[in-house]
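# Results of the structural survey
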Amino acid sequence: MKAAHSVTDLVAAGLMTPAAGEAVAAVADRYAIALTPYLLETLADAAPGDPLYAQYVPSPEEAYTAPEEREDPIGDVVRSPVKGIVHRYPDRVLLKPLHACAVYCRFCFRREMVGPGGEALSPEELDAALAYVRAHPEVWEVVVTGGDPLLLSPRRLSHIVRSLSDIPHVGVVRLHTRIPVADPARVTAELVEALKASELATWMAVHINHASELTEPARGAIARLADAGIPLLGQTVLLKGINDDAATLEALFRGLVRNRIKPYYLHHPDLAAGTSHFRPTLAEGQALVKGLRGRVSGLCQPTYVLDIPGGHGKAPAAPGWVRPDGDGGYFADDFTGATHRYRG
């Protein structure tokens, strides 16, 4: 089975009717489509309401751009001093060696920038990006993202990781990927070995939004990474109609922890063009996060974050649990919703 990269491919795979394909033709002209053979097989019997289907198969709603939506919702461009680098926080940078992904999520905040054959850094551009890191001793962590860096060959990945390990002030490389749940067979022993360097701590953040993504092949890929000593973090986007209820998030976060992935961030969806149908309100997200407290242990609690539009970084978006009482003390809410006074 071949990967799907067009509406025609999706119709041929039985994931949409010809009429549905015509309804999303304009969407497909603007935003990239890609589903791996693994996902096509996984979704063989799925319908539009399936939580995986909705993440990867285009819908007519994407044709609508809300007034507040942006081409660059988190301000990558304004924080990019060198091609391939985004320097938003003092002690860490993003390194984007390519703009291609194995799959294209319908809610992606970089959907205007990524696509099949997405531009990759040339050797000279990669050298310039690495030179930027060398020239900034305040940079302690390099987040390799894109696009999906695990699309690179093990040889190219190894070159990046080892080049970063040769920079004395860099202590951590963190890779952000969808590959373990989108194309798990790609996580080979050779690829895992390429991620390690003796002078550098390698971490990986895996983007997973629903417990149904933790299939047997995906769990195997995750285990290969964890068994190699690579600490794993979970990144989840809060998506209306996919995971925006406490029971679904509970199942997901328990599943992540069971597979040795620490839930790290629960992202409020960014203001990417054509994605308003995926966005709950912040108030709805805060209520969900508060509802999880007490349902699952601290191991299963990510930080709910809002990426402030314009390149200003992430802000915790959790509801206030502790607040001044106006008399020198505080009110504190417990996980049942009861409020208590605190002085200290």
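Conventions used here
- Residues numbered from 1 in each chain as written.
- Predicted model: local features only at pLDDT ≥ 70, side-chain atom pairs only at ≥ 80, totals over all residues.
- Heavy atoms only, no water.
- UniProt positions renumbered as here; feature names shortened; annotations may be inferred.
- Salt bridge = Lys/Arg side-chain N within 4 Å of Asp/Glu carboxyl O.
- Helix = DSSP H or I, 4+ residues; strand = E, 2+ residues; numbered from the N terminus.
- Buried < 20%, exposed > 50% of the residue type's maximum accessible area, 1.4 Å probe, protein only.
- Phe/Tyr/Trp six-rings, centres within 6.5 Å; stacked < 30°, edge-to-face > 60°.
- Lys NZ or Arg CZ within 6 Å of the ring centre and 35° of its normal.
- Contact = heavy atoms within 4.5 Å.
- Pairing = 2+ DSSP bridges.
- 1 Å grid on protein atoms, 1.4 Å probe; cavity = no way out; pocket = protein on both sides within 12 Å on 5 of 7 lines; lining within 4 Å.
- Points joined across faces, edges and corners; volume = space filled by probe spheres on them.
- Nonpolar A, V, L, I, M, F, W, Y, C, P; charged D, E, K, R; others polar.

The name that an unreviewed UniProt entry assigns to the protein chain is Lysine-2,3-aminomutase-like protein, with the source organism given as Azospirillum brasilense. Of the comments in the UniProt record for the protein chain, the one headed Sequence similarities (unreviewed entry) reads "Belongs to the radical SAM superfamily. KamA family."

Attention now goes to the pattern of salt bridges. Considering all chains together, one arrives at 21 salt bridges under this definition. R174 is the salt-bridge partner of E141, the closest N and O atoms lying 2.7 Å from each other. One end of the pair, E141, is in strand β3 (residues 141-144); the other, R174, is in strand β4 (residues 172-177), and 33 residues separate them in sequence. Across the pair, R174 and E141 agree in class, each one buried. Residues participating in the shared-partner salt-bridge network are D76, R88, K96 and R110.

Turning our eyes to something else, we now look at the packing of aromatic side chains. For the structure on display, the rule yields 3 aromatic pairs. On the basis of an interplanar angle of 25 degrees and a centroid distance of 4.1 Å, the ring pair of Y264 and Y265 is categorised as stacked. Looking at Y264, the relative accessible area reads 24%, which means it is partly exposed. Across the ring face of Y31, the terminal group of R111 is positioned such that the distance to the ring centre comes to 3.6 Å.

Attention now moves to the environment of S276. Following the sequence through the fold, S276 ends up in the loop between β7 (261-267) and α12 (282-292). Counting along the chain gives 214 residues from S276 to E62, while the straight-line C-alpha distance between them is 8.1 Å. Ignoring sequence-local partners within four residues, the contact set of S276 consists of Y64, A66 and E69.

As a further point, take the pairing of strand β11 (residues 330-333). Bridge count between strand β10 (residues 322-324) and β11: 3 bridges; the pairing is antiparallel. Residue V322 lies in a different strand from β11, and its bridge partner there is A332. Turn length for the β10-β11 hairpin, with the two strands adjacent in sequence and antiparallel, is 5 residues, and the turn residue G326 shows positive phi of about 85 degrees. Where β11 hands over to strand β12 (residues 339-342), the hairpin turn is made up of 5 residues, of which G337 adopts a positive phi near 100 degrees.

Right, let's talk about empty space enclosed by the protein for a bit. Throughout the structure, instances matching the rule amount to 1 cavity of 30 Å³ or more. Roughly 50 Å³ of internal volume is contained in the largest cavity. The wall of the largest cavity is formed by Y31, A32, Y104, C105, R106, C108, R111 and V114. Per-class residue counts for the lining of the largest cavity are 6 nonpolar, no polar and 2 charged.

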